[in-house]
Number of protein chains: 2
Amino acid sequence: MATSPRPKKISLGLLGFGTVGSNVYRILDEQAAEIEQATGASISIRKILVKDPSLHRSGAPPELFTGDFEEILGDPGISIIVELIGGLEPAYDYITAALENGKAVVTANKQLISQQGSYLFRLSQEKKTQIRFEASVAGAVPVIKVLRESMAAAGIQNIYGIVNGTNNYILTEMYRTGAKYQDALARAQEWGYAEADPTEDISGKDAAAKMAILASIAFHSGVVLDDVACTGIENVSSLDIAYAKELGLTVKLLGVAKLYQNRINVRVYPALLKEDHPLASVSGAYNAVFLRGTAIDEIMLSGPGAGGMETATAVVSDIVSIVAHSQPGFLEYPVAYRDLDFYPDDDVVSTFYLRLEVEDEPGVLAAIARAFGDHEVSIESVIQKGRGAHAELVMVFHPVAERSFAAALEEVSRLPEVKAPPRPIRVEGENE
Amino acid sequence: MATSPRPKKISLGLLGFGTVGSNVYRILDEQAAEIEQATGASISIRKILVKDPSLHRSGAPPELFTGDFEEILGDPGISIIVELIGGLEPAYDYITAALENGKAVVTANKQLISQQGSYLFRLSQEKKTQIRFEASVAGAVPVIKVLRESMAAAGIQNIYGIVNGTNNYILTEMYRTGAKYQDALARAQEWGYAEADPTEDISGKDAAAKMAILASIAFHSGVVLDDVACTGIENVSSLDIAYAKELGLTVKLLGVAKLYQNRINVRVYPALLKEDHPLASVSGAYNAVFLRGTAIDEIMLSGPGAGGMETATAVVSDIVSIVAHSQPGFLEYPVAYRDLDFYPDDDVVSTFYLRLEVEDEPGVLAAIARAFGDHEVSIESVIQKGRGAHAELVMVFHPVAERSFAAALEEVSRLPEVKAPPRPIRVEGENE
């Protein structure tokens, strides 16, 4: 074995000491020997920033806690700052100050990275230091590292992500049990898979932030949260799920990022997937990211979404990566080095599923088919089911520009025979 | 954006120019701009070693080809050597010489790494250079990088791998269509998923080499091919698969690497998995690696197994990693830095499935149950099916030390009522 030099010592400043922070402390402690072997360094937390140091008396030695960020920033022995406060402020100020001072940064902050990532990436390059944010997407599933380092030359074209465990838990419940959305949500809250106020998750905003981060890295171009249109799952009905099941499809809240002819489109919406698609089997609170590129066929990474322990593991793996690569002259993988345009949603070609409640009268299907035909929207399959005076039409269409489909749908929804506002769902995972 | 310095130039020597080699050449050419952006370097192949340079007139400029390794080794401009010859010799000599000369090495050679890895890893550390081998396991699925870099501190305890596409294709066919092994093998050969001589794959040897590599990295201790006992799939009967299906199980050739109380056990065998296990949905020629550790719950990486393009992508991603991390003082992640003992197969606690052909006479089940009971092997479930004068008993057992199960099985197989040699199959993926 190679001679082991005396381990160098690396000191961290930790900002925040909630569930993730205390787990980071614990993992660094418990895995100290393994980490030292893996990196040749002994890593310890020198200071922990909390609001009120007098309240913290457990989980770490009391003398580590401080209420003063400047004390951490000004400590020349601290070379890495781990930001686990979350939110935009003061996290942004702290991280900026750390990078300005040449310290490396690890953060789990998806809000911040999805909104200020491009600036922070550039700053870290200018200052010849590093910012890592593995924990911001998909917990301990190392999707950031894989995209940034292993796929740097894979020419990624498509990313499909199941990146929010709450939504996936709810949709899995609805699919398995036939439950209605509200009941599945209540169950998710009961089991701790959804917050008391689930808006951030259910609206798709949380997934949108993560997709902005993934798209920025994969396409090497800044995508921010506001660039990602999102539709939540609250309008997915148990009826749609039952029909989807009949059609051999399952439903997921998908983040979809595509590169078309050097333009980017990133969105989050409920989507139907064939049951044999690799993402279809990602159930419950699991996360998965599915990649396709010019030089790779399909790669999927999956695992439990963000729990306190998973997030902490991802943070520690970033710390380890920085320590192993903190040599002078280290070249950080650049993230967003080009500036691609966006592809308008309307121009995207999609496959749609649509359930229509109609009056059960002769000629209804003909009128609807004609309206779609007028907009050159072509029906692939249709199932008609009578329900008393009403009938249901369940249709799947051939791929079509979303603009045309929207125009046809508007016309169809104005037909007097159509009883309820139609809510189409995209079908994904076909050959694109 | 940070000022872009003029890109440094990195020159490679390529050893071998088959399918993988020519795809590496092509990807480096086609992705040149992306790679330069990602690494700040322009990478080109300066020389290509082939047996007979006069035969190579396409795929790369003719002046690059040489028949003389020394010409590549002695070229001070070449900093990375990419070995794509395969096999033990002369690959071992070439790689050793490259590392001795301080050149970094990328290889796709699973035979070599699974047999000489520990020595090569040490050598590369001593010489302060790097050896990377992503392409040796699971094609473009970046499992080596993830294990080595992201999971360095995750305390990996279990690895389950579907790491041979040929076996998985055959078993998927058998499961889907009810085909017999020989017919599914013939179909795999027809479609190019199995070689004309499939011994290396079918025997499990190929999977064993890959599991040796994965276990070495995950457990940080040298595991070589010979340490991995393997059972192939040729005795998996379509009858077993049909019964497994009834029990909600699917069958895979699994590589299983476990760390018990600081001792290692690595094996390859056909195994039954519950249909909702994440690995159960990995079908056809796909590969997947499933990880579990003290600090991570379950992480799965999956994608197409080794095709020429996938393997080339993995090779290029290693080249990119080296270029990005080739600064002076770079610290390679050490691989096998400790020396753990092996856990004897007999002591492993496993769950078994067993189908027994017996005479359909009263008292048979009692005799069999008694034999198992005498060895404290406890039956969880049993199905008895009459087939004329014979009957079939399909049994699943509670977890038991393999030693006890083997002893019980030997006794059972000697019972006059048991008509055919019993072939148990392990059930994996329960809570371990």
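Only a predicted model underlies this, so the values are computations on that prediction, with no experimental measurement involved.

Novice: Pulling in residues and values, what's your account of the packing of helix H5 (residues 110-126) of chain A against helix H10 (residues 205-219) of chain A?
Specialist: Residue and element names in this part refer to chain A. Where H5 contacts H10, the axes come no closer than 9 Å and their chain directions differ by 50°. One way to sum up the angle between H5 and H10 is to call them oblique. Like other packed secondary-structure pairs, H5 and H10 cross with a definite hand, here left-handed. Residues Lys110, Gln111, Ile113, Ser114 and Gly117 of H5 pack against Ala209, Lys210, Ala212, Ile213 and Ser216 of H10. Of the residues contributing to the contact of H5 with H10, the split by class is four nonpolar, four polar and two charged.

Novice: Could you give an account of the relation of the copies chain A and chain B, with specific residues and numbers?
Specialist: Of the transformation placing chain A onto chain B, the axial shift is 0.0 Å and the rotation is 180°, giving an RMSD of 0.0 Å. Read as a symmetry element, the transformation amounts to a two-fold axis. No C-alpha of chain A approaches the rotation axis more nearly than that of leucine 301 of chain A, which lies at 2.2 Å. The residues that chain A uses at the interface reappear at the interface of chain B in 100% of cases, marking a shared surface.

Novice: So what's going on with the interface of chain A and chain B? Residues and values would help.
Specialist: Between chain A and chain B, the contact holds 53 residues from the first and 53 residues from the second. At the level of secondary structure, the elements contributing two or more residues to the side of chain A that touches chain B comprise helix H2 (32-39), H5, helix H6 (143-150), strand E12 (299-304) and helix H12 (308-324) of chain A. The element that contributes the greatest number of residues to the side of chain A that touches chain B is H12 of chain A, accounting for eight residues. For the side of chain A that touches chain B, the residue count by class is 29 nonpolar, 16 polar and eight charged. Pairing of E12 of chain A with strand E12 (residues 299-304) of chain B involves three bridges; the strand directions are antiparallel. Along E12 of chain B, the bridge assignment pairs serine 302 of chain A with methionine 300 of chain B.

Novice: So, the sheet that holds strand E6 (residues 131-132) of chain A: which residues are in play, and what are the values?
Specialist: Residue and element names in this part refer to chain A. The strand order across the open sheet built from six strands is E3-E2-E1-E4-E5-E6, with neighbouring strands paired in parallel fashion. Looking at the sheet topology across the chains shown, the edges are occupied by strand E3 (65-66) and E6. Where H12 meets the sheet, it contacts strand E1 (8-15), strand E2 (41-49), strand E4 (78-83), strand E5 (104-107) and E6, and its direction lies at approximately 165° from that of E5.

Rules used throughout
- Residues numbered from 1 in each chain as written.
- Chains lettered and ligands numbered in written order.
- Predicted model: local features only at pLDDT ≥ 70, side-chain atom pairs only at ≥ 80, totals over all residues.
- Axes fitted to C-alpha atoms, helices over the stretch in contact; angles between N-to-C directions.
- Helix = DSSP H or I, 4+ residues; strand = E, 2+ residues; numbered from the N terminus.
- Parallel < 35°, antiparallel > 145°, perpendicular 65-115°, else oblique.
- Left-handed = near helix turned anticlockwise from the far one by under 90°.
- Contact = placed C-beta atoms within 7 Å.
- Nonpolar A, V, L, I, M, F, W, Y, C, P; charged D, E, K, R; others polar.
- Least-squares fit on C-alpha atoms with pLDDT ≥ 70 in both.
- Pairing = 2+ DSSP bridges.

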